[in-house]
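# Chain and residue survey
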Amino acid sequence: MYAKFDNGFVCDTLIITIIKFFTMRKFLLTAFAAITAVSMASAAEVVKSPDGNLSLTFDLNEQGAPVYSMEYKGKVVMNPSKLGLELKEGKAMTDGFRLLRTTRDTFDETWTPVWGETKTIRNNYNEMAVRLAQDINGKDRYMIIRFRLYNDGMGLRYEWPEQENLTYFVIKEERTQFAMTGDHTAYWIPGDYDTQEYDYCVSRLSEIRKEMPRYLNPGNASTTVFSPTGVQTALQLKTDDGIYLNIHEAACVNYSTMSLNLDDKNLVFESWLTPDAVGDKGYMMAPCKSPWRTVMVVDNACKALDSKLILNLNEPCKIEDTSWIHPTKYMGVWWEMITGKGSWAYTNATAVNLDSINYAAMEPNGIHSANNDNVKRYIDFAAKHGFDELLVEGWNIGWEDWIGHMKEHVFDFVTPNPDFDIEALNKYAHEKGIKLMMHHETSGSLRNYERHMEAAYDLMNKYGYDAVKSGYVGPIIPRGEHHYGQWANNHYLYAIEQAAKHKIMVNAHEATRPTGLCRTYPNLVGNESARGTEYQAFGGTMPHHVTILPFTRLQGGPMDYTPGIFCMDISKFAPNNTSKVNSTLCNQLALYVTMYSPLQMAADLPENYERYMDAFQFIKDVAVDWDDSKYLAAEPGEYIIAARKAKGTDNWFVGGVTNEDARTMPVAFDFLDKDRKYVVTVYADAKDADYATNPEKYVITKGVVTSKDAVKVYMARGGGFAMSIYPATDTDKGLKKLKLK
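Overview of the structure.

With that out of the way, let us pick up the overall build of the protein chain. When helices and strands are counted, the protein chain shows 13 helices and 38 strands. Computed over the C-alpha atoms, the radius of gyration of the protein chain is 30 Å, within 12% of the 27 Å expected from 2.2 N^0.38 for a compact globule of 741 residues. Overall size of the protein chain, expressed as C-alpha extent along the three principal axes, is 120 × 70 × 50 Å. Here the protein chain, with 741 residues, has 62% of them falling under the buried criterion. Considering only intrachain contacts with a sequence separation of at least 6, the fraction spanning at least 24 residues in the protein chain is 72%. Here the protein chain displays about 29000 Å² of accessible surface, and carbon together with sulfur accounts for 50% of that area. Here the protein chain contributes 78 positive and 94 negative side-chain charges, whose respective centroids are spaced 5 Å apart.

Helix length check: helix H9 (residues 486-501) (16 residues) gives 23 Å between terminal C-alpha atoms against 22 Å at 1.5 Å per residue, within 8%. Buried within H9 we find Gln486, Ala488, Asn489, His491, Tyr492, Leu493, Ala495, Ile496, Gln498, Ala499 and Ala500.

Okay, the sheet that holds strand E21 (residues 283-285) next. What the three strands build is an open sheet, ordered E7-E12-E21; its pairing is antiparallel. Edge positions in the sheet fall to strand E7 (85-87) and E21, since each of these pairs with one other strand and no more. Direction aside, the axes of adjacent strands within the sheet are offset by 50° on average. Summarising the sheet, E7 and strand E12 (residues 168-174) pair through three bridges and their orientation is antiparallel. Across the sheet, Glu86 pairs through a bridge with Glu173, a residue of E12.

The next subject is helix H7 (residues 422-431). Those residues of H7 that fall on the buried side of the exposure criterion are Ile422, Leu425, Asn426 and Ala429. When H7 is viewed along its axis, its buried side chains cluster within an angular range of 100° and face the same direction. Projecting away from the buried face of H7 at angles above 90 degrees are the exposed residues Glu423, Lys427 and Glu431. On the buried face of H7, the contacting elements are helix H6 (372-384), strand E26 (435-441) and helix H8 (446-463).

Judged by nonpolar contacts, the single largest core of 140 residues is most densely connected at Leu390 and Phe420. Residue contributions to this core peak at eight residues, all from H8. Apart from residues no more than four positions distant in its own chain, Phe420 is found in contact with Ala370, Asn372, Val375, Val392, Trp395, Leu425, Leu436 and Tyr465. Core analysis: the second largest hydrophobic core is formed by 57 residues, Phe97, Ile171, Leu245 and Tyr255 among them.

So, on to the packing of H8 against H9. A pair of packed helices is captured by two measures, namely the crossing angle of their axes and the spacing between those axes. For the pair H8 and H9, the least separation of the axes is 11 Å and the interaxial angle reads 0°. The angle between the axes of H8 and H9 places the two elements in the roughly parallel class. Residue-level inspection shows Leu446, Arg447, Tyr449, Glu450, Met453, Glu454 and Tyr457 of H8 in contact with H9, the latter providing Trp487, Ala488, His491, Tyr494, Ala495, Gln498 and Ala499. Tallied by class, the residues present in the contact of H8 with H9 amount to nine nonpolar, two polar and three charged.

A few words now on the sheet that holds strand E29 (residues 524-527). Taken together, seven strands build an open sheet; the order of strands is E29-E28-E27-E26-E25-E24-E30 and the sheet is parallel. In this open sheet, the two edge strands, each paired with only one partner strand, are E29 and strand E30 (599-602). On average, each strand axis in the sheet is inclined to that of its neighbour by 25°, with strand direction left out of account. Here strand E24 (residues 328-333) pairs with strand E25 (residues 389-392) via four bridges, running parallel. Each bridged residue has a counterpart across the sheet, and for Gly332 the counterpart in E25 is Leu391.

By secondary structure assignment, the location of Thr229 is in the loop between helix H2 (208-211) and strand E16 (230-232). One polar contact links Thr229 to Asn261, side chain to side chain, over a distance of 3.4 Å.

What counts and what doesn't
Residues numbered from 1 in each chain as written. Predicted model: local features only at pLDDT ≥ 70, side-chain atom pairs only at ≥ 80, totals over all residues. Heavy atoms only, no water. Helix = DSSP H or I, 4+ residues; strand = E, 2+ residues; numbered from the N terminus. Rg over C-alpha atoms; globule rule 2.2 N^0.38 Å. Buried < 20%, exposed > 50% of the residue type's maximum accessible area, 1.4 Å probe, protein only. Contact = heavy atoms within 4.5 Å. Areas by Shrake-Rupley, 256 points an atom, 1.4 Å probe, with all protein chains shown as cover. Lys, Arg positive; Asp, Glu negative; His and termini not counted. Charge placed at Lys NZ, Arg CZ, Asp CG, Glu CD. Expected span 1.5 Å × (residues − 1). Pairing = 2+ DSSP bridges. Axes fitted to C-alpha atoms, helices over the stretch in contact; angles between N-to-C directions. Arc of directions from axis to C-beta. Core = buried A, V, L, I, M, F, W, Y, C linked by side-chain atoms within 4.5 Å. Parallel < 35°, antiparallel > 145°, perpendicular 65-115°, else oblique. Nonpolar A, V, L, I, M, F, W, Y, C, P; charged D, E, K, R; others polar. Polar contact = N/O pair within 3.5 Å; in protein donor to acceptor, adjacent residues only side chain to side chain.

Written out as structure tokens, the structure is:
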């Protein structure tokens, strides 16, 4: 039991015990490391949609990086995708996390929008929030990732709670990934910090790099493309097995707008934020949160158009009294300037200083459209035909050198041109039963607008304006900022909030693309933020454009697309403009239904409507607010057919549009009430109509239908159709059953 050594006797059992101790210690350390790795790498959590069809799995990989993936009806629709952010200073929030806890919730409500496609909207989701900790020099830094799963998609956002080790931080780049499962078909426009006014490209993901050069240089006053594979949201995708995905964002507040950059070797999109003038992408102060990053997942194109995912991820209405907010059908002194027939400017001067110039002493150019006589002519026509308002652009001084000079003090928003009597014209309009709509072009000079904003809104209140179209054409001032950066986004929201205090509705053009904020601020009744009708006067837009926009741009909110053009050859009234409108007349009618907006413009000149008063009747009749909407048929880039029930009535309106291909489509009336007869007026392309060769040819047919009936409607190339549907009365007894030739 004893061993004899030179230095004495030692207990051999003690030696064995010591050996065993160190062996066990090594084992325990190894085991602890393994357990720690498991706690970081095996934090798998799953959340499913209320109907169980969509599921999301969250995990931390071996490096402690947050990862999510998604399945729809048992199929993988999003491969493992990393989450996190890179900071300007300090350790990135991309790995080294451990999961502290997971909380879950279920929510189901029905809310009533101030205006919308439907009378009510259901907001039903299952939520999972994972609280993560990251060791920073021995102290924890916390981040929450919150997931909400709906039956039609998912939203995730980053949240930073109030904490000791994180208060102020600057975002270098957000690293939210969307890993595709295949080389999907994409409906995309180039990624740009300053404009969305592009034609859409339809291609495979792997073809974006090759196709990109063909779709650049849209002729916009301000463009900043950031990558040969960068695209903008909302990005519509379609898989080969018929799943429709849409990547966008919701509730973008105090944050930069997100675009997407594609790794086209691995088919992985990553978020790409808009930088500020010095290259930073977000200044944050905890507690704070990011916008929602959204992925719509549906197996039917009509479901994609019907989705309320983006609206539901926004906060409820913050305006207590919304009685002054109303949908509006309007005309405008606008198209004649866009086409070159008239001018915004009062003179032909090339430089004006607003602080010293005397417009009354200057010689007018003779083509200023916003003059008293011309405005009265528009007022008379709009009032006669039941419109609510008349937009007048070019009413104010400063238009002579408003663009291309990065001029800061470009407009004052309160001083009319000498030939525009603001008091008399507003009085004249009110006596006719309509209102004038204000126009505030900023020329991108945001600070100048903010300095004059209170006086501008006061002027509107003084003369009875209740809506303003604001514009942000050209590079942003402060110089170096972008249209979609954090600074500009905060400005747009500030303008909306200040307008609400004055009970003014806002229709913002050239601003950032909408992310559903119209739910929270319903006085934001419209945005442009895409290639609108004006480009038909700048060389034209491809016919498939209007079959894509409802899948993309309109996901975040309504668009002031300005439809209703009846004269497709612009040179007939503006001889120096040879552009053609790539649309049939009936396609223009259909847009009032397929392109939802509570703000709808009849954009053409009164004299062009007077040539086709029978077709103009549809524009007069069609509603702008709805109790119900149903998408009867749709395929992005090809066709859309929508039916909508007018607010507070039993009247329905149907619109259908097609792309460059002619087609005949079935329309079933099963959305109508059973055991009831309806009178339908159909405005359809004539058999020889064509957007390029015979765009203004149409046929009007009237007849009786019930919910059991169906018809087939012809749409020419670049064409469409429109229907107005009213319950039959005794005066309609002589009408026969609807038959289309």
